[in-house]
Amino acid sequence: MRYLIAPILGILFLYSCNSSMNDMDEPKYTNDLINETSPYLLQHAHNPVDWKAWNEETLELAKTDNKLMIISIGYAACHWCHVMEKESFEDSLVASVMNDNFINVKVDREERPDVDQIYISAVELMTGRAGWPLNVITLPDGRPIWGGTYFRKEDWIKSIEKIQELYEEEPQNLIDYADRLEEGIKSIDLLTFNSGDVDFSSYDTTMLVESWSKNFDYRFGGTNRAPKFMMPVNYQYLLRNAMASGDKELLDYVLLTLDKIAYGGVYDHIGGGFARYSTDDRWHVPHFEKMLYDNAQLVSLYSDAYSITKKPLYKEVVFETLEFVKKELTDESGAFYSSLDADSENEQGELEEGTYYIYTIEELESLLADDFELFKAYYNINSFGKWENDQYVLIRTKSDETIMADFNLTTEALQKKKNNWRSVLSEYRDKRPRPRLDDKSLTSWNGLMLKGYLDAYRVFQKEEYLEVALKNAQFILDEQLQESGALLHSYKDGTSAINGYLEDYASVMEAFISLYEITLDEQWLEKSLQLKDYVFEKFWDEEKAMFYFTSEDDPKLVTRNFEYRDNVIPASNSIMAKNLFKLSHYYDLPEVGKAAKQMLKNVLPELEQYPGSFSNWLDLLSNYQNDYYEVVVMGENALKVIGEINSEYIPNKLLAGSMRSSDSYLLEGRFVEGETLIYVCVNNTCKLPMRETSAALKAIRRY
């Protein structure tokens, strides 16, 4: 479809982006964004541009005044968003052009992923690529006619003046173009109802992984290109596939990737936690913003990898990352914040990317004294670790074992030194201006982080992690779940807002199911079932057998889309399909199981071409390719047994149980007073009940 939609202006667009902006002591300008709660929108509240928020009043104003809209989309941790703000949106000349001719709308893409989804699709069609900042010009009715990402000030002024001139002199040409572009946006979702018969149990994924592997980087891990995104959902599936198939080469590749990410500068070796992605092919220099969703999923991934390998590095990464989340991204209510900015002030008081995280040799020598030579070897304070302006981003290339051998150190001695380095450097950098915090809480991302804590608890049995998870789950129930059964998407300063999207329901349901599998508290499973009913009522499309991203109660945008391709976060439809698969087992709901199966069938044609964009769907497919176990534990010691089973890597199972008698579908008639019994079942066929966890584990053929 792209060849039908040529860009109006031939301008080169920069692709990605990241974050920051200057605070003003006595603002000269104030616009409507001052009434918003989003940190990103509030950052623009004192621009001379007459920004308005995305809402019905703004959209109606554009129609009433018959003005084109400039819709500018970004997020609080976006570096290039703030560069463009400083260069253009804080400039009075630019503001004059924008205010005279346009209705100017600022959108936080994290608050309004539905709006972002429409307009990023439009820019991809117009230019072949897209990212943030995302800047789009639309007709008064909101249909896009032109757009791009970052623009320099002069290019921006010329571009928007040209579009306004076209609107005044040749409006019909723009209307015709909007018609074609609208059709292009609607055609992006290639989904159709797949009525064919598919035998999932014999579906061959070998060729898919072989095709996928052509893009693997066997030197540094990840894909053989830059920039590199972590893509945890890809490695979750590849890890499972490698274990199920006994493919040592694939397993080695996944573990190499996890090692290199943990060694790289994308991991914060001093404060814990991961940046969003690497700008180079060796995971060295990140865009320094830290997003909740990356850290949540990577905690889950490294926890699973540890359960297989028992590698101390993976345990260290999980513990340090959750300590970072606890310190930097957790509200006293139990909610998790969204992100930390990439930029902070340098010595000149100017915003600069990465300033908080980097060091010069002189700083390190002064701070570490006699330990500098060891630190230098450990973190490559050399040409390999050098970034720019004689500054260094810490990166490892050697294991602890190699370093200990090279420097004749014991494990205890090296660990003591590492702890000291972190303490000294952390105290030093905390004296620097800190990156800004985006302290809004998004329900979908909270669901991911909740599951991250649960996966860490499942593997490491650290009570603190379960306590944090329970507090967050209660926050979601108390603040985000409405009496109607609807979830709200955003929370800040005691206020919940924005009708939830499919991603909110999907991630919360998945986390609640996991919470049940750890605590055996049936309220969490029942809440997931209730959310399932609500989602079918408000989001389900019977014709395509897939869930829309937005509720039927939401105002219609240019089109109502399906999110089904996995990306840095799994697609909301793929998470939902996995939830339905599990709920069908828990409650004996064949129609729900049938829906999950149909959703998977629908994506198979595209999955075969682009397996890397469907890894969470492939994980669901694996449930049909191997025996899928219903493991039920009944009796006084059920939680202890559940904990023992949970610590093992068994992705092809669900857990149920109770300490007392229950009439639930999987539990009814299985409680025996004075006994703790383990039932291992496949397709309603169960082995004799067992008393020993080891016997049950032997009865399960993984994965």
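Source: prediction; values computed, not measured.

This model, assessed by the stated rule, comprises 48 salt bridges. One salt bridge connects Asp32 with Lys52, and the closest N-O pair in it is separated by 3.2 Å. Note that Asp32 is positioned in the segment before helix H1 (39-43) and Lys52 in strand E1 (residues 51-53), a separation of 20 residues in sequence. Given the relative accessible area of 36%, Asp32 is considered partly exposed. Between Lys492 and Asp493 there is a salt bridge, and its shortest N-O distance comes to 2.8 Å.

The three strands are arranged E6-E7-E8 in an open sheet whose pairing can be described as antiparallel. The sheet is open, and its two borders are formed by strand E6 (228-229) and strand E8 (286-287), each paired with just one other strand. Alignment of strand E7 (residues 277-278) against E8, held across two bridges, turns out to be antiparallel. Paired with Tyr277 across the two strands is His287, which belongs to E8.

So, on to the environment of Tyr337. Of note, Tyr337 is situated in the loop between helix H12 (312-328) and strand E10 (339-340). A relative accessible area of 14% means that Tyr337 is categorised as buried. For Tyr337 and Met291, which are 46 residues apart along the polypeptide, the C-alpha to C-alpha distance reads 9.0 Å. Other than its neighbours up to four places away in sequence, Tyr337 contacts Leu292, Glu328, Leu329, Thr330, Asp331, Leu437, Asp438, Asp439, Lys440 and Ser441.

Throughout the structure, instances matching the rule amount to two disulfides. Through a disulfide, Cys78 is tied to Cys81; the S-S separation comes to 2.1 Å. The disulfide joining Cys78 to Cys81 has a torsion of about 80 degrees about its S-S bond and is therefore right-handed. A relative accessible area of 0% places Cys78 in the buried class. Accessibility expressed as a relative area gives 2% for Cys81, which makes it buried. Shown here is the disulfide that connects Cys681 with Cys686, its sulfur atoms set 2.1 Å apart. Every disulfide takes its handedness from the sign of the S-S torsion; for Cys681 and Cys686 that torsion is 105 degrees, giving right-handed. Here the cysteine-cysteine linkages of the protein chain are recorded as 1-2, 3-4, numbering only bonded cysteines and doing so in sequence order.

Analysis parameters
- Residues numbered from 1 in each chain as written.
- Predicted model: local features only at pLDDT ≥ 70, side-chain atom pairs only at ≥ 80, totals over all residues.
- Heavy atoms only, no water.
- Salt bridge = Lys/Arg side-chain N within 4 Å of Asp/Glu carboxyl O.
- Helix = DSSP H or I, 4+ residues; strand = E, 2+ residues; numbered from the N terminus.
- Buried < 20%, exposed > 50% of the residue type's maximum accessible area, 1.4 Å probe, protein only.
- Pairing = 2+ DSSP bridges.
- Contact = heavy atoms within 4.5 Å.
- Disulfide = S-S within 2.5 Å.

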